[in-house]
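Tertiary structure, described
Residues per chain, in single letters:
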Amino acid sequence: MIGGDVDRSGISAVLLFGSRARGDSSRGSDTDLLLVSAGGMPRHRSSGHLSMFFYPWPKLVEDARAGDLFVCHLTMEAQPVYDPTLRLDELRAEFRLQSSYAREIAAASDVGWFLDQHANELVPAVVTRRMLWCVRTILIAKSAERGEPVFAPIRLASKTSSAAAAELLLDRHQRKPDASMRRRFRSFLTEQAVASSIGESAELADYERWFERSGNAVGLRTLRSGLTAHEDYT
């Protein structure tokens, strides 16, 4: 779907990002594409190792001006596949790095403590994927606060002072959260995350209410997809 087919679909640009854009992909890496739409809501579709993110242009501009880390990732590493109106250049011009990403660190920390406490109640694949998301998000946010955002897992591993984080990132293709991975993840949270917003004894229902109240969309998706998938898995 390139050229005229893209125009007819209302997509104004297609950007490649992630490991394939950086040139450090490995066997089994996803192909991540951002498709810029005229309107609607952000949405995600995947098929095998193809992952497509549909984002309306006004939302991308709004997030760029707010210093959103996903948009930061795009402005630093994305490569245009189809971009006749130079949307990527315009997005780079609009982006403003923030001095503090405390909100992002707190949200990822809450997801992390939720996983630490309730991993046994969720499907393993969801737990593993989100553990790595927490590690990367917290480290990326801290690198952005230093004014030098880093996104590649290998570079994050080389720059972090946390041995637990480095090991988790280097072993990021592990599929199930065994005891060793969970110990390293807890060590990382203790070293690098902030305390849980609702305490370490919170139940699943407590976390669901908190994620809804705090607008933690990743937390909600993790909880709900993990439980649903666990029901199917068992």
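These numbers come from a predicted model, not from an experiment.

**Some thoughts on the packing of helix α6 (residues 102-118) against helix α7 (residues 124-145)**
Closest axis-to-axis distance for the α6/α7 pair is 9 Å, and the angle between their directions is 155 degrees. Classified by the interaxial angle, the pair formed by α6 and α7 is roughly antiparallel. The way α6 lies across α7 gives a crossing that is left-handed. Residues Ala-102, Glu-104, Ile-105, Ala-108, Ser-109, Val-111, Gly-112 and Leu-115 of α6 touch α7, and the partners they reach there are Val-127, Arg-130, Met-131, Trp-133, Cys-134, Thr-137, Ile-138, Ala-141, Lys-142 and Glu-145. Classifying every residue of the contact of α6 with α7 gives 11 nonpolar, 3 polar and 4 charged.

**With respect to the pattern of salt bridges**
All told, the structure shown has 14 salt bridges when counted by the stated rule. Its salt-bridge partner being Glu-94, residue Arg-65 comes within 2.8 Å of it at the nearest N-O pair. You can see Arg-65 sitting in helix α3 (residues 57-65) and its partner Glu-94 sitting in helix α5 (residues 87-94), a full 29 residues away along the chain. Where Glu-208 meets Arg-224, a salt bridge forms, and the shortest distance between an N and an O atom there is 3.1 Å.

**Here we look at the nonpolar core**
Grouped together as the largest cluster of nonpolar side chains are 58 residues, with contacts concentrated most on Leu-60, Leu-115 and Phe-188. Counting residues per element, this core draws most heavily on α7, which supplies 10 residues. For Phe-188, the residues in contact, after removing those within four places along its chain, are Cys-134, Val-135, Ile-138, Leu-139, Ser-162, Ala-164, Ala-165, Leu-168 and Ala-193. Listed in part, the 8 residues of the second largest apolar core include Ile-11, Ala-21, Leu-35 and Phe-54.

The rules behind each value
Every chain is numbered independently, its residues counted from 1 as its sequence is written. Given that this is a predicted model, residues contribute local features only at a pLDDT of at least 70 and side-chain atom pairs are listed and counted only at 80 or more, while totals for whole chains, interfaces and linings are drawn from all residues. Computation of side-chain values covers all heavy atoms of the structure but excludes hydrogens and water. Only the stretch in contact is used when fitting a helix axis, every axis being a line fitted to C-alpha atoms; angles between N-to-C directions are given from 0 to 180 degrees. The way it works is that DSSP assigns letters per residue, a run of H or I at least four long becomes a helix, a run of E at least two long becomes a strand, and they are numbered from the N terminus. Here the word oblique covers every angle except those under 35 degrees (roughly parallel), over 145 (roughly antiparallel) and from 65 to 115 (roughly perpendicular). Definitions for this section: a left-handed crossing has its near helix turned counterclockwise from the far helix by less than a right angle. A right-handed crossing has that turn clockwise. Throughout, a residue-residue contact means that at least one pair of heavy atoms, one from each residue, lies within 4.5 Å. Any residue outside Ala, Val, Leu, Ile, Met, Phe, Trp, Tyr, Cys, Pro, Asp, Glu, Lys and Arg is labelled polar, Gly included; the first ten of those are nonpolar and the last four are charged. Salt bridges, as used here, are contacts in which a Lys or Arg side-chain nitrogen is within 4 Å of a carboxyl oxygen on Asp or Glu. The definition of a nonpolar core used throughout is a set of buried Ala, Val, Leu, Ile, Met, Phe, Trp, Tyr and Cys residues joined through side-chain atoms within 4.5 Å. Between buried and exposed lies partly exposed: a residue is buried under 20% and exposed over 50% of the maximum accessible area for its type, with that area taken using a 1.4 Å probe on protein chains only.

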